[in-house]
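Remarks on the overall topology
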Amino acid sequence: MSSRTPFVAGNWKMNTNKAQAVELARAVARGNVVGVQVGVAPPFVYLDAVGQALAGSSVLLGAQDVYFEKNGAFTGEVSVEMLKDLGVTFCLTGHSERRHVIQEPSELVAKKAAAVYKGGLTLVHCVGEKIEQRDAGQTLAVCQGQLDELDRASITDPGRLVIAYEPVWAIGTGRNATDDQAQEVHAFVRTALGRMWNKDFADRVRIQYGGSMKPENAKGLMSQPDVDGGLIGGASLKADGFLAVCNAGRM
Ligand code: PEP
C-alpha cells in the first residue's frame with residue numbers, strides 16, 4: 001500500500017450561487033472525512049464566503065485558475081497573492097476546459113503552474129488526452145507534453161505537486177476511464193515524473209484521476225496502485241455524493 005494520503009477535490013466550475021456554495025461547503029465540512037485529504041474549488045467570487053464556511057474544518061480551499069503576474073494592469077485577472085489572502089491553499093492549472101474551451105495555450109499554462117508553485121500553493125496540474133488523440137495512440141505523448149509544462153516551475157517539494165489525469169473524453173460525459181485505463185496512464189505519469197525528477201520524488205506525488213468519477217466507480221478507480229484520489233466535477237455539487245467519493249478513497 002502506498003504511503004500517499006489520497007486527495008479528493010471538488011471542482012465546482014461555474015456553478016452554484018453564493019448561498020448554495022456556502023451550504024455545500026458547510027455540508028462537506030460536516031462530513032468530517034478522515035484518512036483522505038478533501039478540498040473544494042468554488043468559483044472565484046465565492047472563495048471568501050466558502051473559506052469562512054470551511055473555517056475550523058480540515059477541508060482545503062482551492063482555486064480553479066489564477067494569473068501568473070503578481071499585480072498590475074491585467075483586467076479581470078486574479079494573482080496567487082490574492083488567492084492566498086483568502087485562505088486558498090491549492091490551485092488547478094491546465095484544466096481541459098481552460099485548454100480546450102477557453103483556448104489557453106500550453107505556454108500560458110506553464111507560466112501559471114510556475115506562479116502557483118513559486119507562490120507557495122499546492123499545484124494541481126491537469127493533463128489528459130482528447131478522444132482522437134487516444135484513438136491515434138497519442139495518449140502518453142500528450143500527457144508527457146503537458147507534464148513538460150512543469151519544467152519552468154523549479155519544483156522541489158513533491159508534497160506540493162499533484163497531477164490530475166483527466167481524459168478529456170471522460171470529463172462531464174458520464175463515461176469514465178476503466179480502472180485499467182486509468183492505472184496505465186497513472187503509472188506512466190509516475191514513471192515520467194521519476195525521469196523528470198527522481199523515483200523518490202515521483203513516489204511522493206499524488207496523482208488524481210478525474211473524469212466522471214462518482215460514488216459507483218470511485219472505489220475501483222482509487223484502488224489502483226497509482227491512483228491517489230480524484231478531481232471531481234459534476235459529482236462534487238451534491239454533498240452526499242461527493243462525501244461518498246471522498247470516503248471511497250480511504251485505504
Ligand atoms: C473535472 O472537470 O475536473 C471533472 C472531472 O468533471 P466531471 O467529474 O464532471 O467529469
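Residues numbered from 1 in each chain as written. Predicted model: local features only at pLDDT ≥ 70, side-chain atom pairs only at ≥ 80, totals over all residues. Heavy atoms only, no water.

1. Describing the site of the ligand
This is how it is decided: Residues are counted as near a molecule or strand when any one of their heavy atoms sits within 4 Å of it. Whenever two N or O atoms come within 3.5 Å, that pair is a polar contact, provided that in protein one can donate a hydrogen and the other can accept it, and provided that, for residues adjacent in sequence, both atoms are side-chain atoms. For the accessible areas, the method is Shrake-Rupley and the probe is 1.4 Å, while residue cover comes only from the protein chains on display.
Near the ligand, the surroundings consist of 15 residues, among which Lys13, His95, Glu166, Gly172 and Ser212 are the closest. Measuring from an oxygen atom of the ligand, one finds a side-chain N or O atom of lysine 13 at 2.5 Å. Note that an oxygen atom of the ligand is positioned 2.8 Å from one of the backbone N or O atoms of glycine 233. Isolated, the ligand exposes 300 Å² of accessible area, and the fraction of that covered by the protein chains is 96%.

2. Quick word on helix α2 (residues 47-54)
For an α-helix, the turn length of 3.6 residues means that residues three or four places apart are oriented alike. Rule in force here: Partly exposed describes any residue whose relative accessible area lies between the buried limit of under 20% and the exposed limit of over 50%, with all areas from a 1.4 Å probe on protein chains only and scaled to the type maximum. By the criteria applied, helices consist of DSSP H or I runs no shorter than four residues and strands consist of E runs no shorter than two, each listed in order from the N terminus. Each C-beta atom gives one direction from the helix axis, and the arc is the one those directions make.
Buried residues of α2: Leu47, Ala49, Val50, Ala53 and Leu54, and no others. Angularly, the buried residues of α2 cover 165 degrees about the axis, an arc narrow enough to put them on a single face. One or two residues past the end of α2 sits glycine 56, with phi positive at roughly 85 degrees.

3. A closer look at the nonpolar core
The condition that has to hold: Joining through side-chain atoms within 4.5 Å is the link that ties buried Ala, Val, Leu, Ile, Met, Phe, Trp, Tyr and Cys residues into a set, and such a set is a nonpolar core. The criterion used for residue contact is that any of the two residues' heavy atoms lie within 4.5 Å.
The biggest cluster of nonpolar side chains holds 71 residues, and the ones touching the most others in it are Val50, Leu83, Ile163 and Tyr209. Here this core gets 7 residues from one element, more than from any other, and that element is helix α1 (residues 18-30). Excluding residues that lie within four positions of it along the chain, isoleucine 163 makes contacts with His125, Val127, Leu147, Leu150, Val189, Leu193, Val205, Arg206, Ile207 and Gln208. Ranked by size, the runner-up nonpolar core spans 10 residues in total, among them Cys126, Val162, Ala164 and Leu231.

4. Observations concerning the sheet that holds strand β2 (residues 37-41)
Where strands meet in a sheet, backbone hydrogen bonds hold them as pairs that are either parallel or antiparallel. The test is simple: At least two DSSP bridges between two strands are needed for those strands to be called paired. Throughout, an axis means a line fitted to C-alpha atoms (over the contacting stretch in the case of helices), and angles, computed between N-to-C directions, take values from 0 to 180 degrees.
A barrel is described by the order of its strands in space; here 8 strands give the closed sequence β1-β2-β3-β4-β5-β6-β7-β8, paired in parallel fashion. The mean angle between the axes of side-by-side strands here comes to 25 degrees, regardless of whether they run parallel or antiparallel. As defined by bridge partners, strand β3 (residues 60-63) adjoins strand β4 (residues 90-93) across 2 bridges and the pair is classed as parallel. Note that in β4 the partner of glycine 62 across the bridge is phenylalanine 90. The strands that helix α5 (residues 106-118) touches are β4 and β5 (122-127); relative to β5, the one it contacts most, it runs at about 155 degrees.

5. Quick look at the packing of aromatic side chains
Condition: Stacked, tilted and edge-to-face are the three classes applied to pairs of Phe, Tyr and Trp rings, where Trp contributes its six-membered ring and a pair requires centres within 6.5 Å; stacked means planes under 30 degrees apart, edge-to-face means over 60, and tilted covers the rest.
All told, the structure shown has 5 aromatic pairs when counted by the stated rule. For the pair tryptophan 197 and phenylalanine 201, a centre-to-centre distance of 4.6 Å together with 10 degrees between the ring planes defines the contact as stacked.

6. Here's the deal with the environment of methionine 196
By the secondary structure assignment, methionine 196 is in helix α8 (residues 179-196). It is 39 Å that separates the C-alpha atoms of methionine 196 and threonine 16, two residues lying 180 residues apart in sequence. Setting aside residues no more than four positions away along its own chain, methionine 196 makes contact with Gln144, Leu147, Asp148 and Asp151.

7. Some thoughts on the pattern of salt bridges
Put simply, the rule reads: What counts as a salt bridge is simple: a side-chain nitrogen of Lys or Arg found within 4 Å of a carboxyl oxygen of Asp or Glu.
Counted under the stated rule, the structure contains 15 salt bridges. Across the salt bridge formed by glutamate 23 and arginine 30, the nearest N and O atoms sit 3.4 Å from each other. Judged by its relative accessible area of 58%, arginine 30 is exposed. Between arginine 152 and glutamate 107 there is a salt bridge, with the nearest N and O atoms lying 3.1 Å from each other. Taken together, the residues arginine 152 in the loop between α7 (139-147) and β6 (161-165) and glutamate 107 in helix α5 connect sequence positions 45 residues apart. With relative accessibility at 36%, the residue arginine 152 sits in the partly exposed group. Each of the salt bridges in this network shares a partner with another, and the network as a whole consists of Arg4, Arg190, Asp226 and Asp228.

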